[in-house]
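Coordinate analysis (summary)
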Amino acid sequence: MTNTDTLLEKFIEKAKDVQTICIKTDKEAFKNILKEKNFAFVSLNTPFKSFNKECEFDESGIKDAIVNADFAIAETGTLVVDSTEEKIRLATTLAENLSLVIYASNMVAKLENIVSYMNDKNSADNAYIAFITGASRTADIERVLTIGVHGPVSLTCYIIEDL
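In this report, the structure presented in the accompanying data block is examined. Counting restarts for each chain: residues are numbered from 1 in the order of the written sequence. Thresholds applied to this predicted model are a pLDDT of at least 70 for local features of residues and 80 or more for the giving and counting of side-chain atom pairs; totals over whole chains, interfaces and linings are not thresholded and use all residues. The basis for every side-chain value is the complete set of non-hydrogen atoms in the structure, without hydrogens or water.

**Some points on the pattern of salt bridges**
To keep it simple, the criterion reads: Criterion for a salt bridge: a side-chain nitrogen of Lys or Arg within 4 Å of a carboxyl oxygen of Asp or Glu. Helical segments are the DSSP runs of H or I of at least four residues, strand segments are the runs of E of at least two, and each set is numbered from the N terminus.
As enumerated under the stated definition, the model contains five salt bridges in all. In this structure, the salt-bridge partner of E28 is K31, at a minimum N-O distance of 3.7 Å. In this pair, E28 and K31 are both assigned in helix α2 (residues 27-36), three residues apart and thus about one turn of the helix distant. A salt bridge links D82 to K121; the nearest nitrogen and oxygen atoms lie 3.0 Å apart. With a gap of 39 residues between them, D82 in strand β5 (residues 78-82) and K121 in helix α4 (residues 115-121) connect regions that are remote in the sequence.

**With respect to the sheet that holds strand β2 (residues 41-43)**
Counted only if it meets this: Two strands pair under a simple rule: DSSP has to find at least two bridges between them. With axes taken as lines fitted to C-alpha atoms, and helix axes fitted only over the stretch in contact, angles between N-to-C directions fall between 0 and 180 degrees. Whether two residues touch is decided by their heavy atoms; if any such pair falls within 4.5 Å, the residues are in contact.
Reading across from one edge, β1-β11-β6-β3-β2 is the order of the five strands in this open sheet, with parallel pairing throughout. Taken across any chain shown, the strands that pair with only one partner, and hence form the sheet edges, are β1 (21-25) and β2. Strand after strand, the sheet turns through a mean of 15 degrees between neighbouring axes, direction not considered. With five bridges connecting them, β1 and strand β11 (residues 154-160) associate as parallel partners. Residue pairing for β11: K24 is matched across the bridge by I159. Across the sheet, helix α1 (residues 3-17) is in contact with β1 and β11; its angle to β1 comes to roughly 150 degrees.

Dropping the structure here:
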């Protein structure tokens, strides 16, 4: 078992702990998923850029969105998204169902492994990096858990196997 396999297993285990649905796939199968699902908002990098589309954002939010994550942190099941663009921030917060796409090669063990990435991104004046660990959850003083109040009700992570 390679180090990447170990990181991938640990990430999936931690992500499942916070009800993130993890789907391993390859590039061709993922293209079929994009064709089948009709996401309201799509912002993906090459080679999936041809599927990109935008939608109107209003107070009612949007049904679903799919965007790239730059890294996945195995220790916590967290996905790291460069949210500098306002439309990415809106999509990741207003989508009822959020999907994030990560390459298996971008799995890291701990947050400390992406310090240079964070320093690089934060050198811009308007930089915004989002750390997303599961769907939005909050609880009141009586510990009643509510999902999806401040963000997505569900989170799906598509892991593209690229190694």
